[in-house]
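Report on the structure
Here is how the chains run, residue by residue.
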Amino acid sequence: MQNIKRLVFTFFLFTSATILAQPDSLFFVDPALKIDLGWNTKKEVGLTLNQVSFTNWNAGGTNSITAILSGNAAARYRTETYFWNSSINLRYGLNKQEGQSLFKTEDVIEVISNFGLEKSSESNWFYSARFSFNTQFANGYNNPNDNNPISKFMAPGYVFLGAGMEYGRHINRFSLYVSPITLKTTFVLDEDLANQGAFGVKPAIYDMEGNVIRRGETTRQEFGILFTGQFEDEVFENIKLNSRLRLYTDYLVNFGNVDVDWEVNVGMKVNKYVQATLGSHLRYDHDINSEVETNEITNEEVVIEGPKIQWKQLLGVGVVVDLDSLVSNASQP
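Notes on the structure in this doc start here. (Residues numbered from 1 in each chain as written. Predicted model: local features only at pLDDT ≥ 70, side-chain atom pairs only at ≥ 80, totals over all residues. Heavy atoms only, no water.)

1. Things to note about the pattern of salt bridges
Our working definition: Salt-bridge detection follows one rule: a side-chain nitrogen of Lys or Arg within 4 Å of a carboxyl oxygen of Asp or Glu. Starting at the N terminus, helices and strands are each numbered in turn, a helix being any DSSP run of H or I of at least four residues and a strand any DSSP run of E of at least two. Throughout this description, buried means an accessible area under 20% of the type-specific maximum (1.4 Å probe, protein chains only), exposed means over 50%, and partly exposed covers the range between.
Within the structure shown, the criterion is met by 18 salt bridges. Between Lys312 and Glu106 there is a salt bridge whose closest N-O contact spans 2.9 Å. One end of the pair, Lys312, is in strand S16 (residues 310–322); the other, Glu106, is in strand S4 (residues 103–117), with 206 residues separating them in the sequence. Residue classification places Glu106 among the buried positions, given a relative accessible area of 6%. Ionic pairing is found between Arg220 and Glu222, a salt bridge with its closest N-O pair at 3.6 Å. Look at Arg220 and you get partly exposed, because its relative accessible area is 22%. Linked through salt bridges whose partners overlap, the residues forming this network are Arg91, Glu106, Glu110, Arg244, Glu263 and Lys312.

Written out as structure tokens, the structure is:
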């Protein structure tokens, strides 16, 4: 745990130093500058492919192909004093290796809605309320030949609802959201996983014969403080960096144990449609143990291995289409 806290602290120092050292990337926008009011929408779809093939390759190897389908949509409404931003992010990926079944590599359903109220046009601080929802489409397994799912749709599902302050109203490419009043709800809407106590919910209680006396709980609620920081910039020509960090700790249970969700994506634009993507996604949740056993006599949990850092990497080349631009170009004579 101390290593995790040092990691988070070190990251904040590094990020702060980087941001302060690059004022050109975080320039202030003149508050008097007129901003497009009303609705502004954006919709994109993409397909990323990775393929490896071997023929008489003496070093060995397995033929494989990976495909990731993605869709993003955003709707923004803005007036002189308040705004409402909403977005949905969908991704689903499959991998097929020679001699093995299809295996899921990517599965994301994410909805974010943010309402902000500006009290002063000269300040970069404004009041904000934020809602976010995360889950997945399909069952997840440890390996392609496993028949026991470790996750399902809405198992887990996460909902964050809170209110606070956001910094960055008149700063391009950077924002920091602080919510001291945040309710986090974890859903495990699958009986088997809930009975196991997966994702931090209370597990079922069994009698001496293994019969369920009390079913596992399907929800877990926490009340704490949430920090969210986002940075987006074209760091080099046709190379765009997007980084989002979310930190959460509960006031009532193990205050100071920080849940970390940090995603970094680098998009390298080849032309109007083709883009190479390099991604990293790091997670740490203190409530999720990597391996737990239940004593059949006392029904007490025995933690074999505690929480671990989760890390996912992505490198691929794909096609990204801006649907709004496509429709606009098609409608022109």
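2. What about the packing of aromatic side chains?
Going by this rule: In this scheme Phe, Tyr and Trp rings, the latter by its six-membered ring, pair at centre separations within 6.5 Å, and the angle between planes marks the pair as stacked below 30 degrees, edge-to-face above 60, and tilted otherwise.
One pass over the structure, following the stated rule, counts 10 aromatic pairs. Seen from their ring centres, Phe223 and Tyr251 are 5.6 Å apart, and the 50° between their planes marks the pair as tilted. Linking Phe223 in strand S10 (residues 219–236) with Tyr251 in the loop between strand S11 (239–250) and strand S12 (259–269), this pair joins segments that are 28 residues apart in sequence. Relative accessible area serves as the criterion here: at 36%, Phe223 is assigned to the partly exposed category. Looking at Tyr251, the relative accessible area reads 33%, which means it is partly exposed.

3. Overview of empty space enclosed by the protein
Where empty space is left in the structure can be found by rolling a water-sized probe over the atoms. Where we set the bar: Cavities and pockets were defined on a 1 Å grid built from protein atoms only: a cavity is a group of points that admits a 1.4 Å probe but offers it no way out, a pocket is an open group of points flanked by protein on both sides within 12 Å along at least five of seven lines, and a lining residue is one with an atom within 4 Å of any such point. Grid points are joined across faces, edges and corners, and a volume is the space filled by probe spheres set on the points. Gly is put with the polar residues, along with every residue not named as nonpolar or charged; the nonpolar set is Ala, Val, Leu, Ile, Met, Phe, Trp, Tyr, Cys and Pro, and the charged set is Asp, Glu, Lys and Arg.
Throughout the structure, instances matching the rule amount to two cavities of 30 Å³ or more. Its boundaries defined by the atoms lining it, the second largest cavity holds a volume of some 70 Å³. Along its surface, the second largest cavity is lined by Arg220, Glu222, Tyr248, Thr249, Asp250, Val253, Asn254, Asn257, Asp259, His286 and Asp287. Elements supplying a minimum of two residues to the lining of the second largest cavity: S10 and S11. Top contributing element to the lining of the second largest cavity by residue count: S11, with three residues. By residue class, the composition of the lining of the second largest cavity is two nonpolar, four polar and five charged.

4. Considering the pairing of strand S5 (residues 125–135)
Inclusion rule: Each pair of strands is called paired provided DSSP finds at least two bridges between the two strands.
Here nine bridges tie S4 to S5, and the two strands are oriented antiparallel to one another. The residue of S5 that forms the bridge with Val111 is Phe133. By the bridge criterion, 10 bridges tie S5 to strand S6 (residues 157–167) in an arrangement that is antiparallel. Considered in S6, the bridge of Tyr127 is made with Met165.

5. Here we look at unusual backbone geometry
Residue Pro156 is bonded to the preceding Ala155 through a cis peptide linkage, with omega at 10°. With respect to the helices and strands, the residue Pro156 is situated in the loop between S5 and S6. Positioned with a positive phi, Phe199 is a non-glycine residue whose angle comes to about 60°. Positive phi, normally seen in glycine, also occurs at Asn238, with a value near 65°. Within the element layout of this structure, Asn238 appears in the loop between S10 and S11.

6. Quick notes on the side chain of Ser113
Rules: Polar contacts here mean pairs of N or O atoms no more than 3.5 Å apart (in protein, one a potential hydrogen donor and the other a potential acceptor; neighbouring residues in sequence count only if both atoms are side-chain atoms).
Following the sequence through the fold, Ser113 ends up in strand S4. Ser113 gets classed as buried once you look at its relative accessible area, which sits at 17%. Side-chain polar atoms of Ser113 contact the side chain of Trp84, separated by 2.8 Å. Side-chain polar atoms of Ser113 contact the side chain of Ser86, separated by 2.9 Å.

7. A short note on the sheet that holds S4
Quick reminder of the rule: Think of each axis as a best-fit line through the C-alpha atoms, taken over the contacting stretch in the case of a helix, with angles from 0 to 180 degrees between the N-to-C directions.
Spatial strand order, S1-S2-S3-S4-S5-S6-S7-S10-S11-S12-S13-S16: 12 strands in a closed barrel with antiparallel pairing. Pairwise comparison of adjacent strand axes, ignoring direction, gives a mean angle of 20° for this sheet. Direction of pairing for strand S13 (residues 274–284) relative to S16: antiparallel, over a ladder of 10 bridges. The residue bridging Val274 from the neighbouring strand is Val319, located in S16.

8. Some words on the environment of Leu245
Along the chain, Leu245 falls in strand S11. A sequence separation of 38 residues divides Leu245 from Arg283, and the C-alpha atoms of the two residues are 10.0 Å apart.

9. A closer look at a nonpolar patch on the surface
Here is the rule we go by: Patch rule: a residue counts if its relative accessible area is over 30% and it has no salt bridge; like charges are joined within 9 Å, and nonpolar side chains (Val, Leu, Ile, Met, Phe, Trp, Tyr) within 5 Å. The method behind every accessible area is Shrake-Rupley, applied with a 1.4 Å probe, and residues are considered shielded solely by the protein chains displayed.
Taken together, the side chains of Phe131, Leu161, Ile181, Leu183, Phe223, Tyr251, Leu252, Val253 and Phe255 present a nonpolar region at the surface, about 860 Å² in accessible area. Within the secondary structure, Ile181 is located in strand S7 (residues 174–187).

10. Side note on the pairing of S6
One ladder, built from 10 bridges, connects S6 with S7; its direction is antiparallel. Residue pairing for S7: Glu166 is matched across the bridge by Tyr177.

11. Focus on the nonpolar core
When a protein is soluble and globular, its nonpolar side chains tend to lie buried together. Test applied: For this analysis, a nonpolar core means a set of buried residues of the types Ala, Val, Leu, Ile, Met, Phe, Trp, Tyr and Cys, connected via side-chain atoms within 4.5 Å. Note on contacts: a residue pair qualifies if any of its non-hydrogen atoms lie within 4.5 Å across the two residues.
Within the largest apolar cluster, 12 residues are counted, these being Ala155, Tyr158, Phe160, Tyr177, Val188, Leu193, Ala194, Ala198, Phe199, Val201, Leu226 and Tyr248. Listed by contribution, the elements that provide at least two residues to this core are S6 and helix H2 (191–196). The contact partners of Ala198, leaving out residues within four places of it in the chain, are Val188 and Leu193. By size, the runner-up hydrophobic cluster in this structure holds five residues, among which are Leu245, Leu247, Val260 and Leu282.

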